[in-house]
Amino acid sequence: MVNPQLETFLCVVEAGSFNKAAERLYISPPAVIKQINLLEKSLDLQLFIRTHRGLQLTKAGQSLYQDAKYIIQYCKDSVTRARNAMQESENVIRIGASPMTPAQVLVDLWPKVQEHCPNIKFQLVPFDNTPENAREILANLGQHIDVVAGIFDETMLRLRQCAGLEISREPICCAVSVHHHLAQKDKLTIQDLYGENLMLMRRDWSHYVDLLRDDLWKNHPQIHIADFDFYDVGAFNQCENNNCVLMAIENWRYVHPLLKILPVDWNYSIPFGLLHSPDPSPTVREFLKAVELVTA
């Protein structure tokens, strides 16, 4: 479904050389070079600057690399959704799963949920958590994915054109690298964060995060707030690589193996639950009602 030359291009960029890419792809270096030459010729673009010191991406190559990652993942997700469509049943709940929207909470609830709706089955549908995917999936819940578990508030629901069923209020925690000096603690105080760079989602993403942000700005200016735009694995990598502190919830404890999530002695929390279509199918309504009953 995807141009194999494009996948070879990605492999070369990530491997850093034709030889290393050839090892990963189990083909010869000349075969890799041939595919890259054909790709450059078909696109009428120079993607690499070849020097005796190695490869360097051109600006065109950098642009294509960013888009190609999304294109290839989107194509893979499209195939997954098509396969799921072939297996669709009125009694199947399709649960979207990504590192930032873990399905484990529903897996844990499933035995009790099935007591109320024994005929319903669930199916996990993995997806890549990119801004583009998040917008498309949440705006079209009920088409290929029925529910996604995650944090939300009314602002987010309105922007994403979906509805939410609150399961719990999750305490707002902080994630730090296992090598960070704060990782030695079991619980943080606000004063522990003095002098640290605290990564918070930009203003207007969540009312609950903005309440915390305003409190810190007003009463704890010793904490440097660093805004970012989207929760994905890249944000966790930034936290670990730059020795920052990242706002997180306990449900994200498995997102990054080198980060530790710690509770903080402030009284801030955020709703966690199921995102679903504003007009769910009868099966999804039955499922949501069962979840309400078992989590009440």
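Residues numbered from 1 in each chain as written. Predicted model: local features only at pLDDT ≥ 70, side-chain atom pairs only at ≥ 80, totals over all residues. Heavy atoms only, no water.

## Observations regarding the overall build of the protein chain
This is how the line gets drawn: In this text, helices come from DSSP runs of H or I with a minimum length of four residues, and strands from runs of E with a minimum of two, each type numbered from the N-terminal end. Only protein chains enter the accessibility calculation, which uses a 1.4 Å probe; a residue whose area is less than 20% of its type maximum is buried, one above 50% is exposed, and one in between is partly exposed. Throughout, the Shrake-Rupley method with a 1.4 Å probe supplies accessible areas, and for residues the shown protein chains are the sole cover considered. A positive count includes Lys and Arg, and a negative count includes Asp and Glu. His and the chain ends are not counted in either. To locate a charge, take atom NZ for lysine, CZ for arginine, CG for aspartate or CD for glutamate.
Secondary structure summary: the protein chain contains 10 helices and 12 strands in total. In terms of its C-alpha atoms, the protein chain occupies a principal-axis envelope of roughly 60 × 55 × 30 Å. The buried share among the 296 residues of the protein chain stands at 47%. With an accessible surface of roughly 15,700 Å², the protein chain has 50% of that area assigned to carbon and sulfur atoms. When the 28 positive and 35 negative side-chain charges of the protein chain are each reduced to one mean point, those points stand 5 Å apart.

## Details of the environment of Asn140
Positionally, Asn140 belongs in the loop between α6 (131-139) and β5 (147-151). The class of Asn140 is partly exposed, set by a relative accessible area of 30%.

## Examining the side chain of Thr58
Heads up, the rule is: Counting of polar contacts relies on pairs of N or O atoms within 3.5 Å, with two restrictions inside protein: one atom must be capable of donating a hydrogen and the other of accepting it, and residues adjacent in sequence are counted only when both atoms are side-chain atoms. Contacts are assigned to residue pairs with any non-hydrogen atoms lying within 4.5 Å of each other.
For Thr58, the position within the fold is in the loop between β2 (54-57) and α4 (59-86). Note on Thr58: relative accessible area 12%, which makes it buried. At 2.6 Å, the side chain of Thr58 forms a polar contact with the backbone oxygen of Gln46. The contact partners of Thr58, leaving out residues within four places of it in the chain, are Gln46, Leu47, Phe48 and Ile49.

## Re the sheet that holds strand β12 (residues 269-276)
In sheet architecture, strand pairing relies on hydrogen bonds along the backbone and comes in two forms, parallel and antiparallel. The criterion, for reference: Strands are labelled as partners when DSSP assigns at least two bridges between them. A fitted line through C-alpha atoms serves as each axis, taken over the contacting stretch for helices, and the angle formed by two N-to-C directions is quoted from 0 to 180°.
Taken in spatial order, the five strands of this open sheet run β4-β3-β5-β12-β6, and their pairing is mixed. The open sheet has two free edges, formed respectively by β4 (121-126) and β6 (163-171), since each of these has just one partner strand. Averaged over all neighbouring strand pairs, the angle between strand axes comes to 25 degrees, with direction disregarded. Sheet analysis places strand β3 (residues 92-97) next to β5, joined by two bridges and oriented parallel.

## A short note on the side chain of Arg94
Tracing the backbone through its elements, the reader meets Arg94 in strand β3. Side-chain polar atoms of Arg94 contact the backbone oxygen of Gly142, separated by 3.1 Å. At a separation of 2.8 Å, a polar atom in the side chain of Arg94 contacts the main-chain carbonyl oxygen of Gln143.

## A few points about helix α8 (residues 207-219)
Here is the rule: Any helix carries an expected span of 1.5 Å times its number of residues minus one.
Over its 13 residues, α8 extends 18 Å from the first C-alpha to the last, a length consistent with the 18 Å expected when each residue adds 1.5 Å. Residues of α8 that are buried include every one of Tyr208, Val209, Asp210, Leu212, Arg213, Asp215 and Leu216, and no others. Packed against the buried residues of α8 are β6, β8 (197-201), β9 (224-228), β10 (245-248) and β12. Its side-chain oxygen 3.2 Å from the backbone nitrogen of Tyr208, Ser206 forms the N-cap of α8.

## Remarks on the packing of helix α5 (residues 104-116) against helix α10 (residues 282-295)
Any two packed helices are characterised by the angle at which their axes cross and by the distance between the axes. Defined as follows: For this classification, under 35 degrees means roughly parallel, over 145 means roughly antiparallel, 65 to 115 means roughly perpendicular, and everything else is oblique.
Following both chains from N to C, one finds α5 and α10 inclined at 105 degrees, their axes separated by 9 Å at the closest point. Here α5 is positioned roughly perpendicular relative to α10, judged by the angle of their axes. Judged by residue contacts, Leu106, Leu109, Trp110, Lys112, Val113 and His116 of α5 engage Glu286, Phe287, Ala290, Val291, Leu293, Val294 and Thr295 from α10.

## So, helix α2 (residues 18-25)
To keep it simple, the criterion reads: Starting at the helix axis, one direction is taken to each C-beta atom, and the arc is that of these directions.
Those residues of α2 that sit buried are Phe18, Ala21 and Ala22. Buried residues of α2, seen end-on, are gathered within an arc of 105 degrees and therefore sit on one face of the element. Facing away from the buried side of α2 by over 90 degrees, the exposed positions are Lys20 and Glu23. Against the buried residues of α2 lie α1 (4-15), α3 (29-43), β1 (48-51) and β2. Backbone nitrogen of Lys20 and a side-chain oxygen of the N-cap are separated by 3.1 Å at the start of α2; the cap is Ser17. Tyr26 occupies a position one or two residues after α2 and carries a positive phi of about 60 degrees.

## Some points on the nonpolar core
Here is the rule: Take the buried Ala, Val, Leu, Ile, Met, Phe, Trp, Tyr and Cys residues and link them wherever side-chain atoms come within 4.5 Å; each set so joined is a nonpolar core.
Counting residues in hydrophobic clusters, the biggest one holds 64 residues, and the most contacted among them are Tyr231, Trp252, Trp266 and Phe287. Among the elements that line this core, the one with the most residues is α10, at five residues. Setting aside residues up to four positions removed in sequence, Trp266 forms contacts with Ile172, Cys174, Ile190, Leu193, Leu212 and Leu216.

## Looking at the sheet that holds β8
Ordered in space as β9-β8-β10-β7-β11, the five strands form an open sheet in which the pairing is mixed. Sheet topology places β9 and β11 (259-262) at the edges, where each strand pairs with a single neighbour. Direction aside, the axes of adjacent strands within the sheet are offset by 35 degrees on average. As defined by bridge partners, strand β7 (residues 173-177) adjoins β10 across three bridges and the pair is classed as antiparallel.

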